[in-house]
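Listed below, chain by chain, are the residues.
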Amino acid sequence: MKPIVTLAVLANARTARIVENHGLGKGFTASAGHALQAPPAVENADRAGTHPISSAHGAATFEASDPKRAAEAAFARLIAQDLERRNAAGTFDQLILTAAPHMLGQLRAALPDALKSKVIGEADKDLTHAGLDDIAGHLKDIIAA
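In this text, all values refer to a predicted model and were calculated from it rather than measured experimentally. (Residues numbered from 1 in each chain as written. Predicted model: local features only at pLDDT ≥ 70, side-chain atom pairs only at ≥ 80, totals over all residues. Heavy atoms only, no water.)

1. Here's the deal with the overall build of the chain
- Of the regular secondary structure elements, the chain holds four helices and seven strands.
- Each helix (α) and strand (β) of the chain, taken in turn from the N terminus, gives the series β-β-β-β-β-α-β-α-α-β-α.
- When the 145 residues of the chain are sorted by exposure, 37% land in the buried category.
- Relative to all contacts within the chain whose residues are 6 or more apart in sequence, the contacts with residues 24 or more apart total 61%.
- For the chain, the exposed area adds up to about 8,500 Å²; of that, 55% sits on carbon and sulfur atoms. (Helix = DSSP H or I, 4+ residues; strand = E, 2+ residues; numbered from the N terminus. Buried < 20%, exposed > 50% of the residue type's maximum accessible area, 1.4 Å probe, protein only. Contact = heavy atoms within 4.5 Å. Areas by Shrake-Rupley, 256 points an atom, 1.4 Å probe, with all protein chains shown as cover.)

2. Describing helix 2 (residues 101-110)
- Residues M103, L104, Q106 and L107 constitute the buried set of helix 2. Along the long axis of helix 2, the arc covered by the buried residues comes to 160°, so they all point the same way. For helix 2, exposure combined with an orientation more than 90 degrees from the buried face picks out P101 and A109.
- As for helix 2, its buried residues are in contact with strand 1 (6-11), helix 1 (67-88), strand 6 (94-99) and strand 7 (119-123). (Arc of directions from axis to C-beta.)

3. A few points about the nonpolar core
- The biggest cluster of nonpolar side chains holds 22 residues, and the ones touching the most others in it are V9, I79, L83 and L95.
- Those residues in contact with L83, other than ones at most four positions away along the chain, are L7, V9, I18, F92, L95, L111 and L115. (Core = buried A, V, L, I, M, F, W, Y, C linked by side-chain atoms within 4.5 Å.)

4. Points about the side chain of T15
- Among the secondary structure elements, T15 is positioned in strand 2 (residues 15-21).
- Beyond its immediate chain neighbours, meaning those up to four positions away, T15 contacts L10, L36, Q37, F75 and T128.

5. Looking at the environment of V9
- Turning to its location among the elements, V9 is positioned in strand 1.
- The spatial distance from the C-alpha of V9 to the C-alpha of L127 is 9.0 Å, given a sequence separation of 118 residues.

6. Topic: the packing of helix 1 against helix 2
- Direction vectors running N to C along helix 1 and helix 2 enclose 50°, while the axes themselves pass 8 Å from each other. For the element pair helix 1 / helix 2, the angle class is oblique. Read as a crossing pair, helix 1 and helix 2 show a hand that is right-handed. Here R69, E72, A73, F75, A76, R77, I79 and A80 of helix 1 lie close against helix 2, whose contacting residues are H102, M103, Q106, L107 and A110.
- Of the residues contributing to the contact of helix 1 with helix 2, the split by class is eight nonpolar, two polar and three charged. (Axes fitted to C-alpha atoms, helices over the stretch in contact; angles between N-to-C directions. Parallel < 35°, antiparallel > 145°, perpendicular 65-115°, else oblique. Left-handed = near helix turned anticlockwise from the far one by under 90°. Nonpolar A, V, L, I, M, F, W, Y, C, P; charged D, E, K, R; others polar.)

Written out as structure tokens, the structure is:
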């Protein structure tokens, strides 16, 4: 019988690791291509601006951009794309998401429905620096690894 393969995404705003579990008592191992790095954030203006409208009186206003949030959202989309490739290749059955609360929200928003249906649990903690032997203990409420 083929074991159920569970991927765990361990992410923060700058880096992500993907580890996998191949069944009860097997623990977690590093997945192929397991580390992802966020691209450098692009700095934008730090305050709202205006732009003259030639055909009307007045000006249009623009919201201030938040480069940090934009970079987090872009990184979450990059992680989701990596997971989509893995899913298309059939390399896993289940998915666990772990990240600090804001990044966890970004990951949820970036996942397509096909991947959302594979999520068996979430943990709002940054485990990017946790050792492979420690991850199972942190996720014991989600999976018996």
